[in-house]
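Below, each chain spelled out in residue letters.
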Amino acid sequence: MTSSEPLLRIDGLHIAFGARDRWRDVVRGVDLRVEAGEVVGLVGESGSGKSLTALSIMRLLPPGARVSSGRLIFDGVDLLALREPAMNTLRGRDIAMIFQDPLTALNPAIPVGRQIFDSIRTHQPLSRKAAQARVEELLDLVGIAHPKERARAYAHELSGGMRQRVMTALAVSSHPKLLIADEPTTALDVTVQAQVMDMLDRIRRELGIAVLFISHNLDLIAQICDRVSVMYAGRVVESGAVEAVFDEPEHPYTRQLLRCIPRLDGGTGKMPTIPGLPPRFGTVLTGCAFAPRCESAQERCAGKEPPIRRAFGHVSVCWEGMA
Amino acid sequence: MLSLFLRRAGFSLLSLLLVSFVLFVLTRSIPDSPAHIVLGDEATDAQIAQFDHDHGLDRPILVQYGVWLQRLVFHADLGQSFTTGLQMNTQIGQTLPVTLELVTVAFAVSVVISLVLGTASAVLRDSPIDYGARLIAVLGVSIPGFWLALVLILAFAVDREWFPPGGVSPLSDGWQDHLLSIALPCFCLGAFYMAVLTRMTRSSLLDVLGLDYMRTARASGLHPARVLIYALRNALVPVVTIAGVSFGHMFGWALIIEQVFNINGLSHALLVAIQARDYALVQAVVMVFTLVFVCANLCADLLNATLNPRLASAPA
Amino acid sequence: MRRIVNSCGGAAGFIGACLVFGLVLVALGAPWIAPYDPLHVSIENQLQEPGGAFLFGTDQSGRDVLSRVIWGTRASIEVSAFAVLIGLVFGVSLGLVAGFYRGGWLEQLTMRFLDAIAAIPILIWAIALVGIFGVGDTKLGGITLGNEAKLMILLGLLYIPTLARVTYTTALSESQANYVLARRLQGTSGVRIMFSDVLPNCLSPVIVQGTLLLAIGIIIEASVSFVGLGVQPPTPSWGNMLADARNYLLSGEWWLSVFPGAAISVTVIGFNLLGDGLRDRLDPRHATASLTT
């Protein structure tokens with residue numbers, strides 16, 4: 001690995017929800033790195049803030065949410081300092097995103113091929129014919145049979161797996177450097193899931209795209225990611241190489257999470273869970289947010305911010321084993 | 001798409017037939033029969049019977065209807081009025097174009113303004129433009145057109161004489177005068193529907209802008225103009241439907257506006273017919289209204305199916 | 001206080017409710033509020049400008065415009081309210097039965113027939129039918145129907161398709177809900193279920209639609225009276241007052257037009273605001289058909 005700047009660098013990202021004078025932080029200091037060409041996973045429960053983090057990279061936060069502090073550096077450019085037109089140029093061309101539900105994410109009134117066509121023509125100086133040809137190439141690339149006919153189809157005429165492929169084609173149509181995949185397979189059947197995962201992996205290798213892969217499914221993360229960050233209640237609690245984090249988890253949350261995955265050789269009996277519920281969206285938190293549910297919680301966890309521990313690229317935020 | 005269109009057209013045709021039949025029966029069953037009107041109260045039964053026979057009014061009602069329908073469909077002839085003896089085609093033919101022009105101009109201007117205003121209002125939400133547009137919309141919806149007409153005549157045609165207070169100056173007298181003479185009537189006619197369509201456009205666009213596929217469009221880095229078009233392709237569907245309905249309704253309100261401005265349009269024909277108890281003409285005029293209304297709705301459906309092809313495969 | 005405002009669906013709805021309430025009071029209290037007899041003719045006082053003894057001026061027969069406007073509230077609200085009442089009674093029953101009993105082709109036919117009637121704007125129907133049945137009193141059996149009464153009945157009948165359709169749509173989906181099935185399994189009779197379980201759930205959109213029809217009724221009554229087919233003079237109605245005012249437009253007696261029309265506008269604004277407010281409160285998914293969404 002080079003010691004040059006990573007492709008994407010997030011430092012101390014805070015995202016707040018609210019209106020006018022009353023804002024509450026829901027993402028509370030996220031650090032993240034994605035190097036060119038690597039696949040980084042972002043794991044967490046619903047409400048942990050992973051989707052918001054992703055949307056903030058694209059500067060597509062929903063109304064009522066805003067970045068309250070932090071830095072987002074992409075390819076050396078400070079994203080938060082960009083004017084909107086400049087940011088819009090980056091979108092689709094350098095950074096792209098695919099979303100969870102491909103049916104609602106595609107425009108129902110416009111043929112899918114046309115949606116890809118419009119994106120291509122926005123970012124690339126191609127003629128109509130050339131762009132149309134490129135659309136068919138892309139559909140073929142993502143594994144859609146009969147691309148010429150399928151391009152004229154509408155989103156509701158395609159199956160879930162095909163729609164996700166179309167979304168991927170749309171996202172990679174202008175060769176972005178970074179692809180953010182926000183739970184791309186959650187809405188799909190398990191069998192289709194596997195196919196789409198294979199397709200994603202193949203595409204990113206062929207095109208050399210870095211991927212930020214967001215999911216709550218640890219298996220998928222293990223399948224495709226090089227590194228992973230684990231989020232809880234708006235913070236990254238552990239991050240490192242996938243093997244390191246999954247084989248030797250250092251944060252109790254990660255450990256307990258991994259234990260919850262049912263295994264064929266795990267014997268029978270009561271399935272392990274993590275007791276309790278994650279903190280409610282927007283509550284003010286002190287100390288370690290996981291403390292109430294943590295099996296290794298100490299007295300100081302609830303009150304004092306746990307320190308960041310680093311060792312060989314493996315980071316965790318916990319009091320455990322500290323003096 | 002063809003099957004949907006045929007089904008809608010079929011239903012519209014059925015509506016037309018039904019309405020025409022109901023009206024036909026009504027106009028020919030009231031005690032105030034054409035014979036009485038023409039021959040007067042002193043007419044003997046024999047005279048009445050003769051009159052009825054001469055005009056084919058003594059045949060069974062279904063037969064009469066059949067004859068009327070046949071004449072209408074194959075010869076486009078609305079027949080002759082029993083009381084005045086005039087050809088109704090001519091009477092309507094003279095007055096329909098005036099009303100048609102009024103409504104078409106008012107409609108076109110309303111639609112354009114409301115699309116622009118409604119879109120701006122939604123895109124620039126909570127800005128002064130938005131508040132202004134919403135205020136205008138509430139006023140437009142609540143102030144009755146004919147009162148607006150009276151007030152505007154008072155303010156601009158009597159006090160200031162910028163516009164003529166009534167009548168329509170024919171095109172042959174110069175297009176400037178013509179435009180000035182239809183300006184106030186068209187404004188009063190269109191104000192209500194402009195308000196309605198503005199509100200509809202605004203709320204529909206706001207709904208669409210918050211949907212997932214708009215987020216995808218922005219994530220693809222499309223130009224803001226194209227993002228707006230992506231939204232409008234979906235948001236305009238209910239607006240087009242309402243616009244189609246509005247066109248027909250405007251025809252109805254033209255009745256009143258024409259009276260205020262003393263315009264010799266279809267309303268004049270209708271009200272004169274009512275006063276003269278010329279019920280055949282009343283029926284004919286209402287038929288024309290229905291026809292216009294049905295056609296406008298069909299066009300709206302057609303436009304919607306082109307705009308948003310998913311509707312083409314959905315059931316009516 | 002806050003609860004009352006909220007139950008009207010917000011500030012706008014509350015203002016609407018106040019306006020409507022005020023207008024009803026004016027209509028009821030006309031004999032006591034009006035300073036003069038609205039029918040009292042005094043030629044020597046004709047066409048007086050507003051001010052002094054006659055706050056809104058006088059018309060061409062010397063009648064006080066203010067008193068006539070106050071009494072006109074009665075005509076408008078009466079016609080509108082009764083029409084909506086008739087429409088509610090028959091329309092809701094029809095829609096309820098059609099939606100609950102699912103009469104197969106009869107249900108379809110009825111609904112199509114009602115849609116066909118609704119295909120023509122109410123105004124045109126009103127004018128045409130009043131025109132056909134004639135202006136002035138009609139004798140039906142032993143009862144004499146004045147023009148106002150005829151208009152009420154006619155409008156009421158014309159409201160039936162809309163109210164039936166709104167009830168029908170809700171009744172249809174509610175009838176298939178699990179709680180209805182549960183009641184049927186309990187052995188409750190169909191009629192009981194229909195009235196005690198399905199009907200209450202249909203009321204929200206019906207109330208909203210009814211309020212909006214009240215607003216439309218005011219305008220239609222005024223319009224029909226304006227062309228001489230509604231409330232007949234000398235009984236004051238805002239519509240026929242405007243008809244008279246037309247003759248004095250060019251000679252500058254502006255008060256004859258402005259005041260009655262303002263009354264109409266205020267009334268309609270009131271009903272519209274109330275209807276919008278109620279809709280926000282009762283019917284958040286906008287299930288009702290309306291032009292003014």
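It should be noted that the structure appears before, not after, this text.
Every value quoted in this text rests on a predicted model; they were computed, and no experiment measured them.

Calculation notes
Residues numbered from 1 in each chain as written. Chains lettered and ligands numbered in written order. Predicted model: local features only at pLDDT ≥ 70, side-chain atom pairs only at ≥ 80, totals over all residues. Helix = DSSP H or I, 4+ residues; strand = E, 2+ residues; numbered from the N terminus. Rg over C-alpha atoms; globule rule 2.2 N^0.38 Å. Buried ≥ 20, exposed ≤ 12 C-beta atoms within 10 Å, placed from the backbone. Contact = placed C-beta atoms within 7 Å. Expected span 1.5 Å × (residues − 1). Pairing = 2+ DSSP bridges. Nonpolar A, V, L, I, M, F, W, Y, C, P; charged D, E, K, R; others polar. Core = buried A, V, L, I, M, F, W, Y, C linked by C-beta atoms within 7 Å.

Caption draft 1: Region of interest: the overall build of chain A. For chain A, the count of helices and strands is twelve helices and twelve strands. The C-alpha atoms of chain A give 21 Å as radius of gyration, which agrees with the globular expectation for 323 residues (20 Å, within 12%). Its C-alpha atoms put chain A at 65 × 50 × 40 Å along the principal axes. Expressed as a percentage of its 323 residues, the buried residues of chain A come to 42%. Sequence-distant contacts, at least 24 apart, represent 64% of the contacts inside chain A between residues at least 6 apart.

Caption draft 2: Representation of the arrangement of the chains within the structure. If you rank the two pairs of chains in contact by how many contacts each has, first place goes to chains B and C. With no contact between them, chain A and chain C keep their nearest C-alpha atoms 19 Å apart.

Caption draft 3: Structural context of helix α6 (residues 128-142) of chain B. Compared with an ideal rise of 1.5 Å per residue, which puts 15 residues at 21 Å, α6 of chain B spans 21 Å between its outermost C-alpha atoms and is within 8% of the ideal. Every buried residue of α6 of chain B is accounted for by Ala133, Ala137, Gly140, Val141 and Ser142 of chain B. In this structure, the buried side of α6 of chain B is in contact with α5 (88-123) and α8 (175-209) of chain B together with α11 (255-282) of chain C.

Caption draft 4: Structural view of the sheet that holds strand β5 (residues 77-78) of chain A. Residue and element names in this part refer to chain A. In spatial order, the strands read β2-β1-β4-β5; together these four strands make up an open sheet with antiparallel pairing. Lying at the two open borders of the sheet, with one neighbouring strand each, are β2 (22-34) and β5. As defined by bridge partners, strand β1 (residues 8-19) adjoins β2 across ten bridges and the pair is classed as antiparallel. Residue pairing in the sheet places Leu8 in a bridge with Val34 of β2.

Caption draft 5: Focus on the interface of chain B and chain A. Each partner contributes residues to the interface: chain B has 20 residues there, and chain A has 25 residues. Only α9 (212-219) and α10 (224-260) of chain B provide two or more residues apiece to the side of chain B that touches chain A. With seven residues, the top contributor of residues to the side of chain B that touches chain A is α9 of chain B. A per-class count over the side of chain B that touches chain A returns eight nonpolar, six polar and six charged.

Caption draft 6: Spatial organisation of the environment of Val141 of chain B. Mapped onto the fold, Val141 of chain B is located in helix α6. Remark: the alpha-carbon pair of Val141 of chain B and Arg160 of chain B, spanning 19 residues in sequence, is separated by 26 Å.

Caption draft 7: Here's a closer look at helix α11 (residues 252-260) of chain A. Listed as buried for α11 of chain A are Pro252, Tyr253, Thr254 and Leu257 of chain A. On its buried face, α11 of chain A is in contact with α9 (218-224), β9 (227-232), β10 (235-241) and α10 (242-247) of chain A.

Caption draft 8: Up close: the interface of chain B and chain C. Contacts between the two partners involve 42 residues from chain B, matched on the other side by 35 residues from chain C. Contributions of two or more residues to the side of chain B that touches chain C are made by α1 (2-29), α6, α7 (145-158), α8, α10, α11 (266-275) and α12 (279-307) of chain B. Counting residues per element, the side of chain B that touches chain C draws most heavily on α10 of chain B, at nine residues.

Caption draft 9: Spatial organisation of unusual backbone geometry. Backbone torsion omega between Pro233 of chain C and Pro234 of chain C reads 10°, so that peptide bond is classified as cis. Mapped onto the fold, Pro234 of chain C is located in the loop between α9 (190-226) and α10 (238-247). Positive phi is not limited to glycine here, since Ala233 of chain A has a value of about 50°. With respect to the helices and strands, the residue Ala233 of chain A is situated in the loop between β9 and β10. According to the C-beta neighbour criterion, Ala233 of chain A is buried, with 23 such atoms within 10 Å. Here the phi dihedral of Phe312 of chain A falls at roughly 55°; this positive angle occurs in a residue that is not glycine. Here Phe312 of chain A shows up in the loop between β11 (308-311) and β12 (314-317). With 8 C-beta atoms packed within 10 Å, Phe312 of chain A lands in the exposed category.

Caption draft 10: Inspection of the nonpolar core at higher detail. Ala149 and Val285 of chain B together with Ala126 of chain C are the most contacted members of the largest nonpolar core, which totals 266 residues. Residues within four places of Ala149 of chain B in sequence aside, it is in contact with Leu184, Cys188, Ile257, Val260 and Phe261 of chain B.

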